[in-house]
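Next come the chains, spelled out residue by residue.
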Amino acid sequence: MLSERRLEVLRAIVQDYVGTEEPVGSKALTERHKLGVSPATVRNDMAVLEDEGFIAQPHTSAGRIPTDKGYRLFVDKLAGVKPLSSPERRAIHNFLDGAVDLDDVVGRTVRLLAQLTRQVAIVQYPSLTRSTVRHVELLSLAAARLMLVLITDTGRVEQRMIDCPAPFGETSLADLRARLNSRVVGRRFADVPQLVQDLPESFESEDRGTVSTVLSTLLETLVEETEERLMIGGTSNLTRFGHDFPVMIRPVLEALEEQVVLLKLLGEAKDSGMTVRIGHENAHEGLNSTSVVAVGYGSGDEAVAKLGVVGPTRMDYPGTMGAVRAVARYVGQILAES
């Protein structure tokens, strides 16, 4: 275990390196921070931190920089989550409050996160597997052609065209709409197949073919849409950090183009707490020089998706964690009110 003083020295090194982009020396530390000891003592503490793998010497520089292990200790023990200022919170609320639908909410959230953190922002669409049905609308387009509109509790809207095996009258359509909604509204998507399986039997024989076709389309929609969707923004922010990536920025950009990689980065939505993965903790080799800060969001107590940012390991962790958490809370409020 490191002593309190050495933890303070590590905290100072991380803060200075993140702020200045320059390797940090003992003289600069004693001048900038009230450590209460001489530069010689700080040098000794830095030697111990280096021996234990928390800091390293880049090239021939006299200063030191944090390692992944050093950043991890900083995040776990030394860094609080920096709360946003009142103007920042108002700006978030005003920016997200004008969203007109789910796509707009996700799009605005990506832009906002990228601007607040100056990192790459990733927002996962609410997962249908964790959603509930708000409403199913059935509209007649022609005698034997319908439109099915599925609306979820998170504001997601899916539309499908249905060609019926026979003409279907307005009275039958209204009856099917009412019976269908009475069974599925407020229920989880995973429960819907069992809830509607005997519905065709409750209709006249001439209508059962159409009712079965409508239900098949509904269930196919649920299956199709379990594929996760993401929106990403702010990749140009990475160009400001070119010197933070030891080889080239290209492997990072290539990794960010792969949806499977991004979903793994964000982690499972059910793990709604704040997660911070640093450097080599990221399984994908192209992202070994980056850090990921992610958190779950949702319209109630349960997270339905994740959002987060990707940036260099030389990151303002307290500020980034604060911004990500605040944005997630506001998005959750908007979904709850929509």
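Residues numbered from 1 in each chain as written. Predicted model: local features only at pLDDT ≥ 70, side-chain atom pairs only at ≥ 80, totals over all residues. Heavy atoms only, no water.

## Describing the overall build of the protein chain
Scanning the protein chain for helices and strands turns up twelve helices and ten strands. Rg of the C-alpha trace for the protein chain: 26 Å, well past the compact-globule value of 20 Å for 338 residues, more than 25% over. Principal axes of the C-alpha set define a box for the protein chain whose edges measure 90 × 40 × 35 Å. Evaluated residue by residue, the protein chain yields a buried proportion of 49% over its 338 residues. Both charge centroids of the protein chain, one from 38 positive and one from 46 negative side chains, sit 8 Å from each other. (Helix = DSSP H or I, 4+ residues; strand = E, 2+ residues; numbered from the N terminus. Rg over C-alpha atoms; globule rule 2.2 N^0.38 Å. Buried < 20%, exposed > 50% of the residue type's maximum accessible area, 1.4 Å probe, protein only. Lys, Arg positive; Asp, Glu negative; His and termini not counted. Charge placed at Lys NZ, Arg CZ, Asp CG, Glu CD.)

## So, the side chain of N282
Examined against the element boundaries, N282 turns out to sit in the loop between β8 (275-278) and β9 (290-297). Judged by its relative accessible area of 2%, N282 is buried. Side-chain polar atoms of N282 contact the backbone oxygen of L287, separated by 3.4 Å. Excluding its chain neighbours within four sequence positions, the residues that come into contact with N282 are L265, R277, L287, N288, T290, S291 and V292. (Polar contact = N/O pair within 3.5 Å; in protein donor to acceptor, adjacent residues only side chain to side chain. Contact = heavy atoms within 4.5 Å.)

## Points about the sheet that holds strand β7 (residues 230-233)
Here we have five strands laid out as an open sheet, ordered β7-β3-β10-β9-β8, and antiparallel in their pairing. Unpaired on one side and paired on the other, β7 and β8 mark the two borders of the sheet. Strand-to-strand twist in this sheet, taken as the mean axis angle between neighbours without regard to direction, amounts to 15°. Alignment of β8 against β9, held across four bridges, turns out to be antiparallel. The residue bridging T275 from the neighbouring strand is A294, located in β9. (Pairing = 2+ DSSP bridges. Axes fitted to C-alpha atoms, helices over the stretch in contact; angles between N-to-C directions.)

## A closer look at the domain arrangement of the protein chain
We note that the domain assignment places domain 1 (2-75), domain 2 (84-125 + 227-335) and domain 3 (127-223) within the protein chain. When each unit is reduced to the centre of its C-alpha atoms, the spacing between domain 1 and domain 3 is 62 Å. (Domains from an automatic or database assignment.)

## Looking at helix α3 (residues 39-51)
In this model, α3 (13 residues) spans 18 Å end to end at C-alpha, consistent with the 18 Å of a helix rising 1.5 Å per residue. Taken residue by residue, α3 has V42, D45, M46, V48 and L49 as its buried positions. Along the long axis of α3, the arc covered by the buried residues comes to 160°, so they all point the same way. The inward-facing, buried residues of α3 abut α1 (4-20), α2 (26-32) and β1 (55-56). Directly after α3, the chain includes G53, whose backbone phi takes a positive value near 85°. (Expected span 1.5 Å × (residues − 1). Arc of directions from axis to C-beta.)

## Comments concerning the environment of Y317
Along the chain, Y317 falls in helix α12 (residues 317-337). Distance in space between the C-alpha atoms of Y317 and Q15 is 9.6 Å, their sequence separation being 302 residues. Excluding anything up to four places from it in sequence, Y317 contacts Y71, F74, V75, V276, I278 and S291. Side-chain polar atoms of Y317 contact the backbone oxygen of T313, separated by 2.7 Å.

## Considerations on the packing of α1 against helix α4 (residues 68-78)
At a minimum axis distance of 10 Å, the contact between α1 and α4 shows a crossing angle of 110°. The angle between α1 and α4 places the two elements in the roughly perpendicular class. Viewed along their axes, α1 and α4 form a crossing whose handedness is left-handed. Residues L7, L10, R11, V14, Q15, Y17 and V18 of α1 form the contact with α4, whose own contacting residues are G70, Y71, L73, F74 and L78. A breakdown of the residues in the contact of α1 with α4 according to their chemical character gives nine nonpolar, two polar and one charged. (Parallel < 35°, antiparallel > 145°, perpendicular 65-115°, else oblique. Left-handed = near helix turned anticlockwise from the far one by under 90°. Nonpolar A, V, L, I, M, F, W, Y, C, P; charged D, E, K, R; others polar.)

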